[in-house]
Amino acid sequence: MATTDRQATTLALAHALSAAERGLAVIPLSRTKLPALRSPHRDETKTSGSSEAAPDPPCHGECGRFGHGVYDAATDPARIREMFAAAPWATGYGIACGLPPHHLIGVDLDTKSGTDSSAALRELALRHLFTIPATVVVLTPSGGRHLWLSGPPDVVVPNSAGRLAPGIDIRGAGGYLVGPGSRTDHGVYATAPGTGRLAPAACPPALLRLLLPPPRTTHHPTPASVGDHGQGLVQFVLAAHEGQRNTRLFWAACRAYEDGIGPALVDPLVEAALNTGLSEREARATIASAARMTGHRP
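About the cut-offs
- Residues numbered from 1 in each chain as written.
- Predicted model: local features only at pLDDT ≥ 70, side-chain atom pairs only at ≥ 80, totals over all residues.
- Heavy atoms only, no water.
- Helix = DSSP H or I, 4+ residues; strand = E, 2+ residues; numbered from the N terminus.
- Buried < 20%, exposed > 50% of the residue type's maximum accessible area, 1.4 Å probe, protein only.
- Contact = heavy atoms within 4.5 Å.
- Areas by Shrake-Rupley, 256 points an atom, 1.4 Å probe, with all protein chains shown as cover.
- Pairing = 2+ DSSP bridges.
- Axes fitted to C-alpha atoms, helices over the stretch in contact; angles between N-to-C directions.
- Core = buried A, V, L, I, M, F, W, Y, C linked by side-chain atoms within 4.5 Å.
- Phe/Tyr/Trp six-rings, centres within 6.5 Å; stacked < 30°, edge-to-face > 60°.
- Salt bridge = Lys/Arg side-chain N within 4 Å of Asp/Glu carboxyl O.
- Polar contact = N/O pair within 3.5 Å; in protein donor to acceptor, adjacent residues only side chain to side chain.

Glancing now at the overall build of the protein. Across its full length, the protein carries 9 helices and 12 strands. Evaluated residue by residue, the protein yields a buried proportion of 47% over its 298 residues. Restricting the contact set of the protein to residue pairs at least 6 apart, pairs at least 24 apart contribute 72%. Carbon and sulfur atoms provide 55% of the accessible area of the protein, an area that totals close to 15,000 Å².

Below, the discussion takes up the sheet that holds strand 8 (residues 176-178). Strand order in the open sheet formed by 3 strands is 1-2-8, and the pairing between neighbours is antiparallel. Each having just a single partner strand, strand 1 (26-29) and strand 8 make up the two edges of the open sheet. Put simply, the sheet's adjacent strands are angled 35 degrees from each other on average, direction ignored. Packing of helix 1 (residues 5-21) onto the sheet brings it into contact with strand 1 and strand 2 (92-96), and relative to strand 2 it is tilted by some 20 degrees. Contacting strand 1 and strand 2, helix 3 (residues 77-86) runs over the sheet at an angle of about 15 degrees to strand 1.

Residue Pro100 is joined to Pro101 through a cis peptide bond whose omega torsion reads 5 degrees. Mapped onto the elements of the fold, Pro101 is located in the loop between strand 2 and strand 3 (104-109). Non-glycine residue His103 carries a positive phi angle of around 50 degrees. Residue position: His103 is located in the loop between strand 2 and strand 3.

Time to look at the nonpolar core. Within soluble globular proteins, side chains that are nonpolar generally end up buried alongside one another. In this structure, Ile168 and Leu269 are the most contacted members of the largest nonpolar core, which totals 49 residues. Element by element, the count of residues in this core is highest for helix 7 (residues 245-258), at 8 residues. Leaving out residues up to four positions away in the same chain, Ile168 has contacts with Val107, Asp108, Leu109, Ser117, Ala120, Leu121, Leu124, Ala161, Gly162 and Arg163. Ala19, Ile27, Cys97 and Leu104 belong to the second-largest nonpolar core, a separate cluster that totals 32 residues.

Moving on: the pairing of strand 2. Within strand 2, 5 of the 5 residues are buried, leaving the element largely enclosed by the surrounding structure. Both faces of strand 2 are covered, namely the face carrying Gly92, Gly94 and Ala96 and the face carrying Tyr93 and Ile95. Sheet topology places strand 1 next to strand 2; 4 bridges connect them, and they run antiparallel. Paired with Pro28 across the bridge in strand 2 is Tyr93. Sheet topology places strand 2 next to strand 8; 3 bridges connect them, and they run antiparallel. Its bridge partner being in strand 8, Gly94 is matched across the sheet by Val178.

Before going further, it helps to spend a moment on the packing of aromatic side chains. The full count for this structure, using the stated rule, is 1 aromatic pair. Ring geometry for Phe236 versus Trp251: centroids 4.8 Å apart, planes at 65 degrees, classification edge-to-face. Taken together, the positions of Phe236 in helix 6 (residues 231-238) and Trp251 in helix 7 put the pair 15 residues apart, joining distant regions of the chain. Here Phe236 matches Trp251 in class, with each residue buried.

The next subject is the pattern of salt bridges. Under the defined criterion, the tally for this structure stands at 5 salt bridges. For the salt bridge of Asp108 with Arg171, the shortest nitrogen-to-oxygen distance reads 3.7 Å. Taken together, the positions of Asp108 in strand 3 and Arg171 in strand 7 (residues 168-171) put the pair 63 residues apart, joining distant regions of the chain. Among the salt bridges present, the one from Arg284 reaches Asp267, with a minimum N-O distance of 3.3 Å. Taken together, the positions of Arg284 in helix 9 (residues 280-293) and Asp267 in helix 8 (residues 262-276) put the pair 17 residues apart, joining distant regions of the chain.

What follows covers the environment of His102. By the element assignment, His102 lies in the loop between strand 2 and strand 3. For His102, a relative accessible area of 18% corresponds to the buried category. Measuring from C-alpha to C-alpha, the distance between His102 and Leu24 comes to 7.6 Å, with 78 residues separating the pair along the chain. For His102, the contacting residues outside a window of four places in its chain are Arg22, Gly23, Leu24, Ser150, Gly151 and Pro200. Engagement of the side chain of His102 in a polar contact is seen with the backbone oxygen of Arg22, the distance being 2.7 Å.

Okay, structure coming up:
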């Protein structure tokens, strides 16, 4: 017997509450995989008139109403039930990425592009010397797979589509993954056998570096204490804007430790991070995290 929408909503809520028990923040999704709750500001934008500028900064849930997409994501059972009650048409749920305690990173191996995304990931692993650890794997209705990985708490992994390789999309901070048990227009998402009770495995450092933004050739003054060796890494940190400072610092520190100049570059990197607006405590914690991720002692 076909599953009715009401049954699908009940099942989605049950799966969402189960995910929340594991520390995963969730939101209700419609059959189209989009957030089920529409923005409360949508009508405001339509009626504001073209002469009025949009609210700055945009509301990310500060108004207290539902409908802000991934910014509504919660682990509190009462709030989750409220969201599903407000969206009785929801048949699935999304899991927000980048949030504590797991700082989830989703590797979406798609099949719709006509490329072998699994083979592309294996080739990347061979080329960059990493292996995908045993972790949660979610099977999509189209035959694809979602790999769940855990990132460091002080690193912001951006969302991307096809940047890593054709057919490989990344769900990072500000993104979400369709949770197992969700029903969509194309079928049901399900956990791969033997992976449902696993915790998201730590993202291999070599893969994590591939997921971070590449350096840009922006020229800034470099501290005189740094010689030619490592200047590019310091320049990379100095070019960071708000929202990417920790990510750039982490990437540069990883490269420094891999190149054998990590200890010598700690102070110049801290100085560069201070120039971007980070505190010394934040900067040193991020560099220490990079040291540990690359197998060195901070």
